[in-house]
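Listed here are the chains, written in short residue letters.
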Amino acid sequence: MSASAANLTDSYRHKGLRRELLGQLRTMGIADEAVLDAMDRVPRHYFMDDAFVHFAYDNKAFRIGAGQTISHPFTVARQTELLGLPKGANVLEIGTGSGYQCAVLSAMGYKVHSIERQKALYDSTTPFLKKMGFRAHCYYGDGFKGKPVFAPFDGILVTCGAPFIPEALLGQLAIGGRLIIPLDDPNVGEGKQVMTEVRRVEEATFTRQTHGTFAFVPMLAARSGSAD
Ligand code: SAH
């Protein structure tokens, strides 16, 4: 779900609020200027329901309909930073949702592929991203399977809480590429995940690092035609 035409203007007020948010992200430890600059160029309020538009620049996650959320700005910044990729990189996102993270990846200058398992979200977000001029290839499908025809990916970013690392995603990483995935972990509690970075250093060698606790909606198996 996204803003109505009335909210598709990026006023000085919106720009000012966005700069304030970027200042908060810096204080919270986001240091990659390319990421902050990309987030400065994506009006987050475009991706939110009219009812929440006044909160678009609070550092919070929001529900976007169909029981899903638009990720927390800090989470979007951190995940994008963790990819650590130059312009032109081939990137796969799992969980298109509102399209906000997808737009930030597109603003980074990446070639973006994004998969969403909920038909209703796929149907509304795909034309919206195009209309707003954010270039991304969107697919309706199951993120556990990845997108083998467009592999290898320099980076794969999962934006839902995964119960385990999907084997297919590891196989679709380029050598040197990173998978950034929030993983369920009984030690951090129900509904919370540990941000995990898996790097493919050689064909069959992967290294693993963790980056703190986050909260995501669950990564669910198979496609769904209905809002669940
Ligand atoms: N990146 C989004 C975050 C949306 S929340 C944004 O910036 O708004 C996570 C999304 O992951 C939801 O839209 C949910 O439907 C989707 N999702 C959950 N399981 C999935 C799966 N197996 N494959 C693809 N998408 C999935």
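Scroll up to find the structure.
Residues numbered from 1 in each chain as written. Predicted model: local features only at pLDDT ≥ 70, side-chain atom pairs only at ≥ 80, totals over all residues. Heavy atoms only, no water.

In terms of regular secondary structure, the protein chain is built from six helices and nine strands. In terms of C-alpha radius of gyration, the protein chain reaches 16 Å, essentially the compact-globule figure of 17 Å for 228 residues. Each principal axis of the C-alpha distribution contributes one length, and for the protein chain these read about 50 × 40 × 35 Å. Buried residues in the protein chain amount to 51% of all 228 residues. Expressed as a percentage of contacts within the protein chain between residues at least 6 apart in sequence, the contacts between residues at least 24 apart total 57%. Accessible surface, the protein chain: about 10300 Å² in total, of which carbon and sulfur atoms supply 55%. If you average the places of the 25 positive and of the 23 negative side-chain charges in the protein chain, the two averages end up 5 Å apart. (Helix = DSSP H or I, 4+ residues; strand = E, 2+ residues; numbered from the N terminus. Rg over C-alpha atoms; globule rule 2.2 N^0.38 Å. Buried < 20%, exposed > 50% of the residue type's maximum accessible area, 1.4 Å probe, protein only. Contact = heavy atoms within 4.5 Å. Areas by Shrake-Rupley, 256 points an atom, 1.4 Å probe, with all protein chains shown as cover. Lys, Arg positive; Asp, Glu negative; His and termini not counted. Charge placed at Lys NZ, Arg CZ, Asp CG, Glu CD.)

Moving on to the environment of serine 11. One can find serine 11 in the segment before helix H1 (12-27). Assessed through its relative accessible area of 28%, serine 11 is described here as partly exposed. Along the primary structure serine 11 and proline 43 are separated by 32 residues, whereas in three dimensions their C-alpha atoms are 9.8 Å apart.

So, on to the site of the ligand. Of all residues adjacent to the ligand, which total 28 residues, the nearest are Gly95, Ser98, Glu116, Gly143 and Leu220. Glutamine 118 is positioned with one of its side-chain polar atoms (N or O) 3.4 Å from an oxygen atom of the ligand. Threonine 159 is positioned such that a nitrogen or oxygen atom in its side chain is 3.1 Å from a nitrogen atom of the ligand. Judged by the proximity of its atoms to the pocket grid, the ligand belongs to the largest cavity. Elements supplying a minimum of two residues to the shell around the ligand: strand E2 (68-70), strand E3 (90-94), helix H4 (100-107) and strand E4 (111-116). Split by residue class, the shell around the ligand holds eleven nonpolar, 13 polar and four charged. (Near = heavy atom within 4 Å. Polar contact = N/O pair within 3.5 Å; in protein donor to acceptor, adjacent residues only side chain to side chain. 1 Å grid on protein atoms, 1.4 Å probe; cavity = no way out; pocket = protein on both sides within 12 Å on 5 of 7 lines; lining within 4 Å. Sits in = over half its atoms within 2 Å of the grid points. Nonpolar A, V, L, I, M, F, W, Y, C, P; charged D, E, K, R; others polar.)

Glancing now at the layout of surface pockets. Approximately 240 Å³ is the volume attributed to the largest pocket. Every residue lining the largest pocket is counted, 13 residues in all, and those nearest its centre are Val112, Phe134, Arg135, Ala136 and His137. Those elements that provide at least two residues to the lining of the largest pocket are E4, helix H5 (119-131) and strand E5 (137-140). Ranked by residue count, the leading element in the lining of the largest pocket is H5, at three residues. Of the residues contributing to the lining of the largest pocket, the split by class is six nonpolar, four polar and three charged. (Points joined across faces, edges and corners; volume = space filled by probe spheres on them.)

Evaluation of the coordinates by the stated rule reveals seven aromatic pairs. Aromatic side chains phenylalanine 144 and phenylalanine 164 sit 5.5 Å apart centroid to centroid with 35 degrees between the ring planes, which places their arrangement in the tilted category. Here phenylalanine 144, found in the loop between E5 and strand E6 (153-158), pairs with phenylalanine 164, found in the loop between E6 and helix H6 (167-171); they are 20 residues apart in sequence, far enough to count as distant. The rings of Phe47, Tyr100, Phe128 and Phe134 are connected pair by pair, giving a single aromatic cluster. A cation over a ring is seen here: arginine 44 above tyrosine 100, with NZ or CZ 5.5 Å from the ring centre. Here lysine 119 stacks its cationic end above the ring of tyrosine 140, 5.8 Å away from the centre of that ring. (Phe/Tyr/Trp six-rings, centres within 6.5 Å; stacked < 30°, edge-to-face > 60°. Lys NZ or Arg CZ within 6 Å of the ring centre and 35° of its normal.)

Structurally, arginine 178 can be placed in strand E7 (residues 173-184). Within the structure, arginine 178 has its side chain in polar contact with the side chain of glutamate 197 (distance 2.7 Å). Sequence-distant contacts of arginine 178, defined by excluding residues within four places in its chain, comprise Leu82, Leu83, Gly84, Asp154, Gly155, Ile156, Leu173, Glu197, Val198 and Arg199.

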